[in-house]
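# Working through the structure, step by step
What follows is each chain in one-letter form.
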Amino acid sequence: MKDITIAIDGFSSTGKSTIAKLLAKSLGYVYVDSGAMYRAITFFAMKEGKISTEHFDRDGLISELPNAKVSFKFNDSLGFAEVYLNDINIEKNIRTLEVSNLVSTVAAVPEVRKQLVKIQKEIGKNKAVVMDGRDIGTVVFPDAELKIFMNASAQTRALRRYNEIKDNGEAITFDAILENVQKRDHLDSTRKDSPLLKAEDAIEIDNSDVTIEEQFQNILKLVNSVL
Ligand code: C5P
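Residues numbered from 1 in each chain as written. Predicted model: local features only at pLDDT ≥ 70, side-chain atom pairs only at ≥ 80, totals over all residues. Heavy atoms only, no water.

Where we set the bar: UniProt positions are given in the numbering used here, feature names are shortened, and annotations may be inferred rather than shown by experiment.
Under an unreviewed UniProt entry, the name given to the protein chain is Cytidylate kinase, and the organism recorded is Formosa undariae. The annotation that UniProt attaches to the protein chain under Sequence similarities (unreviewed entry) is "Belongs to the cytidylate kinase family. Type 1 subfamily." Under the UniProt heading Subcellular location (unreviewed entry), the note attached to the protein chain is "Cytoplasm".

### A closer look at the nonpolar core
Put simply, the test is: We define the nonpolar core as a collection of buried residues of types Ala, Val, Leu, Ile, Met, Phe, Trp, Tyr and Cys that are connected through side-chain atoms lying within 4.5 Å of one another. For the exposure calls, accessible area comes from a 1.4 Å probe over protein chains only, and a residue counts as buried if that area is under 20% of its type's maximum, exposed if over 50%, partly exposed in between. Secondary structure elements follow DSSP: runs of H or I of four or more residues count as helices, runs of E of two or more count as strands, with numbering from the N terminus. It only takes one pair of heavy atoms within 4.5 Å for two residues to be counted as in contact.
Counting residues in hydrophobic clusters, the biggest one holds 35 residues, and the most contacted among them are Ile41, Leu61, Val70 and Val112. Mapped onto this core, the elements with two or more residues apiece are helix H2 (34-47), strand S4 (80-85), helix H4 (97-107), helix H5 (110-123), strand S6 (129-133) and helix H6 (136-140). When residues no more than four places from it in sequence are discounted, the contact partners of Ile41 are Leu61, Leu65, Ala68, Val70, Val106, Val112 and Leu116. Grouped together as the second largest cluster of nonpolar side chains are 19 residues, Ile6, Ile19, Ile148 and Met150 included.

### Observations concerning the site of the ligand
Applicable threshold: Throughout this document, a residue counts as near a molecule or strand when at least one of its heavy atoms sits within 4 Å of that molecule or strand. Pairs of N or O atoms within 3.5 Å make up the polar contacts considered here, provided that, within protein, one atom can donate a hydrogen while the other can accept it, and that residues adjacent in sequence are counted only when both atoms are side-chain atoms. Surface accessibility in these figures is a Shrake-Rupley result with a 1.4 Å probe; residues are shielded only by whichever protein chains are displayed.
Residues in close proximity to the ligand total 16 residues, the closest being Arg39, Arg113, Asp135, Asp188 and Arg191. At 3.1 Å from an oxygen atom of the ligand is found a side-chain nitrogen or oxygen belonging to Arg161. Surface burial for the ligand is 97%, taken as the share of its 460 Å² of free accessible area covered by protein chains. Listed by contribution, the elements that provide at least two residues to the shell around the ligand are H2, H4 and helix H8 (174-190).

### What to know about the UniProt feature "binding site: ATP" (unreviewed entry) in the protein chain
Per the UniProt annotation, the sites labelled "binding site: ATP" (unreviewed entry) are Gly10, Phe11, Ser12, Ser13, Thr14, Gly15, Lys16, Ser17 and Thr18. As for its position among the elements, Ser13 is in the loop between strand S1 (5-10) and helix H1 (16-27). Not counting the four nearest positions on each side in its chain, Ser13 is found in contact with Arg157, Arg160, Arg161 and Val181. For Thr14, the location among the structural elements is in the loop between S1 and H1.

Right, dumping it as structure tokens:
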């Protein structure tokens, strides 16, 4: 069986990463959460005092970028890779609402995108990869054999994120999450560099009303049709 590249793009909290992880596991492929990389740079910018809800020192962040090494390490017990910033595991630091509220501003900076896209292309150069994000089918892997664009209603997506964040122990309201999801969708779709866009050859899937298992089986059929 030949190895292929699978690009999964879509709006926030559409369940991209859940499906991508299941696919990677069943195919024996590498899974890459590209959103975690933008979150890692955002966390770095916060730590360096380059961004907060009050200010954004864009040029300051750009000049510090060479000092932000983002990488992944496979966690055997979890069965997927976790994100590291300068060799420190920051998985627990990057899923907070604070990071979610700032990440789209950081992700709109072309220098940030350039640095991360280079790493993403390198990870995927031998194929056998499932990567999810916003520009994977359009910019990172325009030649991917299978491109999926996932969507779901804003309510469904916010509820998903709400449950995820609550499970992590962060005190948060559903309305704050809904606002964040809608704001990020807007910023991600309207930025100049690599906006969130369905690639012309992507297959669009709305998963508002299907279970994860149904969705996984549907996507597996698509994978088998291109293998
Ligand atoms: O996937 P996740 O919701 O964790 O992504 C966080 C943010 O990272 C997105 O809202 C977007 O601003 C940015 N992102 C991006 N390009 C990608 C993946 C994520 O701009 N390929």
